[in-house]
Amino acid sequence: MRRINQNMALGAVIVALALFALFAWVPNDTVSGFVESKRGRLSIGDAMAPGIAFGLMALSGLILLLEARKGDMPGALEQRTFAFLLVALTACAVSFGVMIWAGPLAVAVFGGEGDTYRNLRDTAPWKHIGFVLGGTGLVTTLIALVEKRVTSNAVMIGLAAALALVGVFDLAFDNLLLPPNGDQ
């Protein structure tokens, strides 16, 4: 019987999570499907972006799973693998917390009298603060975790990645709110 190495386990978990998200989470958490038709005009639906993301996630996990079956991969799961995963998941949780709370905190500190984040969540710069800070922090932290040191290049890459995503999604779609603004 073939031993399960860490890449096989990771690939299987990624595929399982992506399939769960595609078939359970996305359909129950979006109003429209992948494509929406209104008065004969097709437009991108609410499920398109997360559907593509989870589809790519499933494909990546499947590739990792198939590559790991070749047998020339590292051995069995080790304790440090779980420690690395715990640190990475903690970095994700902290970064998502920054995404959620940075915008409302900035409005509370720097906003005008009577301003609320809910009213300003679709206006620049308020709608970008949490996404850019949390995204930059996430990418920077994960790069630093892999490189075992924090560098200015990691920070610049994290900032560029967050700003690129803002550019792609905020500029291209008029009525798309960057995470986590849709839930505020």
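Right, let's get into the overall build of the chain. Broken down by element type, the chain carries six helices and two strands. Put simply, the chain runs from its N terminus to its C terminus through helices and strands in the order α-β-β-α-α-α-α-α. For the chain, the spread of C-alpha atoms along the three principal axes comes to 65 × 50 × 25 Å. Relative to its 184 residues, the chain shows a buried fraction of 28%. Of the contacts formed within the chain by residues at least 6 apart in sequence, a portion of 61% connects residues at least 24 apart. By element, 67% of the accessible surface of the chain is carried by carbon and sulfur atoms, the whole surface being about 12400 Å².

This part takes up the side chain of Thr 151. Within the fold, Thr 151 resides in the loop between helix H5 (126–147) and helix H6 (152–172). Within the structure, Thr 151 has its side chain in polar contact with the backbone nitrogen of Ala 154 (distance 3.1 Å).

So, on to the environment of Leu 17. Its location among the elements puts Leu 17 in helix H1 (residues 6–29). With 44 residues separating them in the primary sequence, Leu 17 and Gly 61 have C-alpha atoms 9.5 Å apart.

Moving on, we get to the domain arrangement of the chain. Once the domains are mapped, the chain shows domain 1 (2–70) and domain 2 (79–170). Look at where the C-alpha atoms of domain 1 and domain 2 centre, and you get two points 23 Å apart.

On to the packing of H1 against helix H2 (residues 48–68), then. For the pair H1 and H2, interaxial distance at closest approach is 7 Å and the crossing angle is 155°. By the angle class used here, H1 and H2 are roughly antiparallel. For the element pair H1 and H2, the recorded crossing hand is left-handed.

On to the environment of Ala 164. As for its position among the elements, Ala 164 is in helix H6. When the C-alpha atoms of Ala 164 and Val 132 are compared, they prove to be 9.8 Å apart, with 32 residues separating the residues in sequence.

Bringing the packing of helix H3 (residues 79–110) against H5 into the picture now. Interhelical geometry of H3 versus H5 gives an angle of 155° and a closest axis separation of 8 Å. In this view, H3 runs roughly antiparallel relative to H5, as classed from their interaxial angle. The two elements H3 and H5 cross, and the hand of that crossing is right-handed. When its residues are assigned to classes, the contact of H3 with H5 shows 20 nonpolar, seven polar and no charged.

A few words now on the pairing of strand E1 (residues 35–38). Sheet analysis places E1 next to strand E2 (residues 41–44), joined by four bridges and oriented antiparallel. Residue pairing for E2: Ser 37 is matched across the bridge by Leu 42.

What follows deals with unusual backbone geometry. Looking along the chain, the bond that leaves Ala 124 and enters Pro 125 is cis, with omega of 0°. For Pro 125, the location among the structural elements is in the loop between helix H4 (117–120) and H5. The phi torsion at Lys 148 lies on the positive side, around 65°, for a residue other than glycine. Here Lys 148 shows up in the loop between H5 and H6. Classification of Lys 148 as exposed rests on a relative accessible area of 74%.

Our focus in this paragraph is H3. Over its 32 residues, H3 extends 45 Å from the first C-alpha to the last, a length consistent with the 46 Å expected when each residue adds 1.5 Å. Its axis deflected by about 35° at Trp 101, H3 carries its strongest bend there, up to four residues before the proline Pro 104. Of all the residues in H3, the buried ones are Ala 88, Ala 91, Ser 95, Met 99, Ala 102, Gly 103, Pro 104, Ala 106 and Val 107.

Cut-offs applied
Residues numbered from 1 in each chain as written. Predicted model: local features only at pLDDT ≥ 70, side-chain atom pairs only at ≥ 80, totals over all residues. Heavy atoms only, no water. Helix = DSSP H or I, 4+ residues; strand = E, 2+ residues; numbered from the N terminus. Buried < 20%, exposed > 50% of the residue type's maximum accessible area, 1.4 Å probe, protein only. Contact = heavy atoms within 4.5 Å. Areas by Shrake-Rupley, 256 points an atom, 1.4 Å probe, with all protein chains shown as cover. Polar contact = N/O pair within 3.5 Å; in protein donor to acceptor, adjacent residues only side chain to side chain. Domains from an automatic or database assignment. Axes fitted to C-alpha atoms, helices over the stretch in contact; angles between N-to-C directions. Parallel < 35°, antiparallel > 145°, perpendicular 65-115°, else oblique. Left-handed = near helix turned anticlockwise from the far one by under 90°. Nonpolar A, V, L, I, M, F, W, Y, C, P; charged D, E, K, R; others polar. Pairing = 2+ DSSP bridges. Expected span 1.5 Å × (residues − 1). Bend = angle between axes of the 7 residues up to and from the residue.

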